[in-house]
Amino acid sequence: PTRLTNVRFSSFPFCGVRWFLDLPSLVTKASNKDFAFGYFTRVGTTVHEVIQEAFSSILEDGQGFSLLWDWKCKSCKHREGTLLDAAPTGECSSCGSTSGFSREEHQIRFRGAVGHVDTIISVKLPANIAKVFGSPVGLIIADYKTTSTYNVTKKDTLPYKSNVAQISKYTGVLQKNLPVIGWALIYMPRDIPFRYKVIGKFMDRAEGLKHRKDIIKYVASHKAWSTAATLDEIRELFNKRPCKRADSIP
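Residues numbered from 1 in each chain as written. Predicted model: local features only at pLDDT ≥ 70, side-chain atom pairs only at ≥ 80, totals over all residues. Heavy atoms only, no water.

### A short note on the packing of aromatic side chains
Applying the stated rule across the entire model yields seven aromatic pairs. Arranged with centres 4.9 Å apart and planes meeting at 40°, the rings of Phe12 and Tyr218 form a pair that is tilted. Here Phe12 is found in the loop between strand S1 (7-8) and helix H2 (16-21), whereas its partner Tyr218 is found in helix H8 (residues 205-227), with 206 residues between them in sequence. With a centroid separation of 5.8 Å and an interplanar angle of 20°, the aromatic rings of Phe35 and Tyr39 are classed as stacked. (Phe/Tyr/Trp six-rings, centres within 6.5 Å; stacked < 30°, edge-to-face > 60°. Helix = DSSP H or I, 4+ residues; strand = E, 2+ residues; numbered from the N terminus.)

### Some words on a nonpolar patch on the surface
Taken together, the side chains of Phe35, Tyr39 and Phe40 present a nonpolar region at the surface, about 370 Å² in accessible area. Relative to the helices and strands, Phe35 is located in helix H4 (residues 35-57). (Patch = residues over 30% accessible without salt bridge, like charges linked within 9 Å, V, L, I, M, F, W, Y side chains within 5 Å. Areas by Shrake-Rupley, 256 points an atom, 1.4 Å probe, with all protein chains shown as cover. Salt bridge = Lys/Arg side-chain N within 4 Å of Asp/Glu carboxyl O.)

### Section: the environment of Ile167
Within the secondary structure layout, Ile167 lies in helix H7 (residues 161-175). The spacing of Ile167 and Val7 is 160 residues in sequence and 15 Å in space, taken between C-alpha atoms. Look past the residues within four positions of Ile167 in its chain and what remains in contact with it is Ile141, Ala142, Asp143, Trp183, Ala184 and Leu185. (Contact = heavy atoms within 4.5 Å.)

### Looking at unusual backbone geometry
Look at the link from Phe12 to Pro13: it is a cis peptide, with omega at -5°. Residue Pro159 is bonded to the preceding Leu158 through a cis peptide linkage, with omega at 5°. With respect to the helices, strands and loops of the structure, Pro159 is situated in the loop between helix H6 (149-153) and H7. Within the chain, Leu83 stands out as a residue other than glycine whose phi angle is a positive 55°. Within the fold, Leu83 resides in strand S3 (residues 79-84).

### Remarks on the pairing of S3
In this sheet, S3 lies alongside strand S2 (residues 65-73) in antiparallel orientation, the contact comprising three bridges. Opposite Lys72, over in S3, you have Arg79 as the bridge partner. Between S2 and the antiparallel strand that follows it, S3, lie five residues; Lys77 among them carries a positive phi value of about 70°. (Pairing = 2+ DSSP bridges.)

### Some thoughts on the sheet that holds strand S6 (residues 113-117)
Strand pairing in a sheet takes place through backbone hydrogen bonds and is either antiparallel or parallel in direction. Across the sheet, which stays open at both edges, the three strands sit in the order S1-S6-S5 with mixed pairing between neighbours. Of all the strands in the sheet, just S1 and strand S5 (106-110) have a single pairing partner and so form its edges. Sheet topology places S5 next to S6; five bridges connect them, and they run antiparallel. Note that in S6 the partner of His106 across the bridge is Val117. Taken strand by strand, H7 contacts S5 and S6, and its axis lies near 80° from that of S5. (Axes fitted to C-alpha atoms, helices over the stretch in contact; angles between N-to-C directions.)

### Points about H8
Helix length check: H8, at 23 residues, gives a terminal C-alpha distance of 33 Å against a target of 33 Å (1.5 Å per residue), a fit within 8%. For H8, the complete set of buried residues consists of Gly208, His211, Arg212, Asp214, Ile215, Tyr218, Val219, His222 and Trp225. Looking at where H8 begins, the residue whose side-chain oxygen comes 3.3 Å from the main-chain nitrogen of Ala206 is Asp204. (Expected span 1.5 Å × (residues − 1). Buried < 20%, exposed > 50% of the residue type's maximum accessible area, 1.4 Å probe, protein only. Polar contact = N/O pair within 3.5 Å; in protein donor to acceptor, adjacent residues only side chain to side chain.)

### Thoughts on the nonpolar core
Phe9, Phe12, Ile141 and Ile215 are the most contacted members of the largest nonpolar core, which totals 34 residues. For this core, the leading source of residues is H7, giving five residues. Excluding anything up to four places from it in sequence, Ile141 contacts Val117, Thr119, Ile120, Ile167, Tyr170, Thr171, Leu174, Val180, Gly182, Trp183 and Ala184. Core analysis: the second largest hydrophobic core is formed by 14 residues, Ile51, Leu67, Phe101 and Ile121 among them. (Core = buried A, V, L, I, M, F, W, Y, C linked by side-chain atoms within 4.5 Å.)

Any link to function would need more than the numbers given here.
If you want it as structure tokens, here you go:
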């Protein structure tokens, strides 16, 4: 149900027309998925888990960076801590359990949009940059995407527009209250993961503000489409759509 009532960052750039036309498949109780869907989805999940575990296992004091996570109580699933580099100590403030906390991807909620960030890297900045930036550390928002070796090696194929739209919005939202300096897309070939490709971008405050404004527009569009009650309202929304093709969504 939350995939209908909330805008997902993974759907960015959000298209109200596409969302509306997909409603029959979104509300069905069951659906058939082909082999490719099951294969690529499960491989992608495994890649995320393996990389996140590997990243955490190599951390040592003095390396100049750390990873920030949300932490969830293993008993009641309450999020006890957010954006911490180590699990909270003691008992859960919600249920009192001492069974410990599990590492979770950071959850983002902004103006009705919901998403989860794969990894947030906290980097110690050189003194001259820290002075200009106004913070001793800078945060990099990282997302992992599985692809083929062909796409990694072929020129001008990556990054995909939808991937950039998603991570840019994550970065813009987090930059509002945190010292976020940019983002990184990490493309991992499914067959040869060691031939990965990293594409990153610095983001200034002005661009971050623009992305937050885009999200507000997406949420407004989602509300308009999800509350339309008559055919005339649907026709009006359709005629006012901001784009003519899926690949032209702003």
